[in-house]
Amino acid sequence: MKIAAKAGRIPMYAIELWNLRKEYRNGRGIHGLSLQVEQGEIFGFLGPNGAGKSTTIRTLLGLLTPDGGRAQVAGWDILRDSVAVRRVTGYLPSENALYTDLSGAENLRFALQVRGVSGTGRARELAERLGADLRPRLRNLSHGQRQKVAIVVALAHDPQVLILDEPTTGLDPLVQETFFSLLREEQARGKTIFISSHVLSEVEALCGRVAIIRDGVLVEVNQVEALRHSRVKRLDVAFVGTPPNVAAWPGVRKVCQDGQRVRFAYHGQILPLLRLLAAEEITDLTVNDPSLEEVFRAFYQNGPVRDGASGRAGLQSGSHKGGR
Amino acid sequence: MRVYMALGWQYLREHRLATLVWLAVTALMSYVVASTAPAVADEQLLRAFLRNLPSQVRSLFGDYLQYRNGVDYYLSYKWLQIVPLLAGIFGALEAVAVIARDIDRRTADFTLALPVRRSTVLLARFAAVAVNLALFYLVTLVALWAELWQLGLPGSVARYGALFAGQYFVSLAFASLAVLLSLVSRSYGAAVRASELVVIAAYVADLANRVAGGPTALSRIVLFGWVGTREVVGEGSFPWGAMLLGLALSAILLRLSVRVLQRKQIPA
């Protein structure tokens, strides 16, 4: 089933947020998120629990009402056209939200009937690929099996935009790989996929671009590769004689000294570090790109959050279409 | 209509077991009470039965001579007056589950993320509650009729039906109130407790007022006074007032519920 974007107009971005705010009394929530997710992109939304990932998603889907700002999904305004937003969206919540007193097939039939989708061919195909059993009541299924059914229900109506909140919870590695293949195929068919996660490996394996959210504020939006290259480096330096106090250098963390050899992580522009190294006598130098996990941790260990404008600047610097 | 049907059907399917248990128990109780009615079918036995009734009960149900026959009087005392309390509790339990249970069990993330207005979800599911309540009264009536017919007793089944029609709309109003309470309560459990408390308190207030011979207005304020068995089964008046008032109150309370639901935040 083809689901059209607003009034024949193809929006440039699948998801757009302008200074979106949702504030809770305890100070949590999201505080002015601005973000653009392009059509056909697999976009990762990273952050630990309580950072504001689910709040962002729930606000997009109309489960929460924003306190300020604006957002669109497939060109539809989340407040004015909330029903249309949900029509073009497939949503997989972080915890099982299907009715456990009903079978997978009953949950699926209910969702498709409400969406006005006839035929369950695509759902059957998805269930077969993922190995999801739609016959038993959900309460009789394991957590992983329920998650497979939830994925089938989220994708069965062939949505234009997929919003997945911690999608791989409970899936075994083999099914995870099948699921990732499925998502890549969806991307190849022009679908946009927005994945919220705190599992860095899955974002690294799947996403072209990621946004990192901290305390409800975007701290970085960039290509996965660019993040790895531009931010944190792992260095292994062999000095002549006694090594200098590397730990005192700005941006240096995780220092590990082994005789004249010092290993450390560096966060920041590379030029100042090279100047410091140039002042020393060294015999060997190795620079490695870090894993996304190290990048992520760097954002969470380095002092106060950046303001929203910085998040947007990050977005602009890495705005070309991603996804592998 | 397709969306209403899908939402209503899903609700009925999900609650099928609880509904069946309620219906089965009520039908069984109707049948059992009706099966004890032969004890008062005979005039002599009826008089002996009435002599043993406390004066408060007599004031509640009036003189048996106001009734067509002893069976009507006996069933009013033993069963027909209790049915609206059971229906009120059943309806409130079902109504609280319309939205609040979904929020409590996180299934709201599934249902409210579907392309459907919240008002549609609420109204479609309330329609399912209304169907279940109608079934409740229907099986109660059918069970009564079946046993009376089998025993060849002269019960006024049409009047019982009229009484149930009035009670149905009163129960519907209590169910609507339960929906509203569920949307403003802190949790599903709190909503269940509050709704049940309201129904039981209203029923007890009506009963106490009647026994004490208090003003009719007080019983009418708590709604149950609109469908007295003496008036409907004994005197044969049709409970139009209960039906109209129940319908109007349901409409008002559901409208309020829709407003509250539209502003309701569904937290993670």
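No experiment lies behind these values; they were computed from the predicted model shown. (Residues numbered from 1 in each chain as written. Chains lettered and ligands numbered in written order. Predicted model: local features only at pLDDT ≥ 70, side-chain atom pairs only at ≥ 80, totals over all residues. Heavy atoms only, no water.)

A. Molecular detail of the overall build of chain A. Summing up its helical and strand segments, chain A has eleven helices and 14 strands in all. Taking all 324 residues of chain A together, 56% fall into the buried category. Contacts in chain A between residues at least 24 apart in sequence constitute 71% of all its contacts with a sequence separation of at least 6. When the accessible area of chain A is evaluated, it comes to approximately 13600 Å², of which 50% is carbon and sulfur surface. (Helix = DSSP H or I, 4+ residues; strand = E, 2+ residues; numbered from the N terminus. Buried < 20%, exposed > 50% of the residue type's maximum accessible area, 1.4 Å probe, protein only. Contact = heavy atoms within 4.5 Å. Areas by Shrake-Rupley, 256 points an atom, 1.4 Å probe, with all protein chains shown as cover.)

B. Representation of the overall build of chain B. Scanning chain B from N- to C-terminus turns up 15 helices and zero strands. Expected size for 268 residues packed as a compact globule is a radius of gyration near 18 Å; at 20 Å, chain B falls within 12% of this value. Seen through its C-alpha atoms, chain B measures out along the principal axes to roughly 65 × 40 × 30 Å. Residues counted as buried form 54% of the 268 residues belonging to chain B. Considering only contacts within chain B whose residues lie at least 6 apart along the sequence, 78% involve residues at least 24 apart. Within chain B, the 14 negative side-chain charges are centred at a point lying 10 Å from the centre of the 24 positive side-chain charges. (Rg over C-alpha atoms; globule rule 2.2 N^0.38 Å. Lys, Arg positive; Asp, Glu negative; His and termini not counted. Charge placed at Lys NZ, Arg CZ, Asp CG, Glu CD.)

C. The arrangement of helix H1 (residues 2-14) of chain B in detail. Compared with an ideal rise of 1.5 Å per residue, which puts 13 residues at 18 Å, H1 of chain B spans 18 Å between its outermost C-alpha atoms and is within 8% of the ideal. Where H1 of chain B is concerned, the buried positions are Val3, Ala6, Leu7, Gly8, Gln10, Tyr11 and Glu14 of chain B. Looking at the buried positions of H1 of chain B, the neighbouring elements they touch are helix H3 (104-115) of chain A together with helix H2 (16-35), helix H7 (83-96), helix H8 (100-105), helix H9 (108-111) and helix H10 (118-151) of chain B. (Expected span 1.5 Å × (residues − 1).)

D. How the structure looks around unusual backbone geometry. Unusually for a residue other than glycine, Asp215 of chain A sits at a positive phi of about 50°. When you line up the elements, Asp215 of chain A lands in the loop between strand E9 (209-214) and strand E10 (217-223).

E. Molecular detail of the interface of chain A and chain B. Counting residues at the interface gives 29 residues for chain A, matched by 29 residues for chain B. With both chains or domains summed, chain A and chain B bury close to 2700 Å², and 57% of this area falls on carbon and sulfur atoms. Put simply, chain A and chain B have three salt bridges between them. Residue Asp109 of chain B is joined to Arg58 of chain A by a salt bridge in which the shortest nitrogen-to-oxygen separation is 2.7 Å. Inspection of the chain A/chain B interface yields 18 residue pairs in polar contact (both at pLDDT 80 or more). At the level of elements, helix H1 (53-60), helix H2 (82-87) and H3 of chain A are the ones that each hand at least two residues to the side of chain A that touches chain B. Per-element accounting of the side of chain A that touches chain B gives the leading share, seven residues, to H3 of chain A. Its residues assigned to classes, the side of chain A that touches chain B shows 13 nonpolar, seven polar and nine charged. (Buried area = accessible area lost by both parts, 1.4 Å probe. Salt bridge = Lys/Arg side-chain N within 4 Å of Asp/Glu carboxyl O. Polar contact = N/O pair within 3.5 Å; in protein donor to acceptor, adjacent residues only side chain to side chain. Nonpolar A, V, L, I, M, F, W, Y, C, P; charged D, E, K, R; others polar.)

F. Summary view of the pairing of strand E11 (residues 232-239) of chain A. Residue and element names in this part refer to chain A. Buried residues dominate E11, accounting for seven of its eight residues. Inspection of the sheet shows E11 paired to strand E13 (residues 261-267) by seven bridges, in the antiparallel sense. By the bridge assignment, Ala238 is partnered in E13 with Arg261. Two elements, E11 and strand E14 (residues 282-288), share six bridges in a ladder whose sense is antiparallel. Note on E14: the bridge partner recorded for Leu235 is Val287. (Pairing = 2+ DSSP bridges.)

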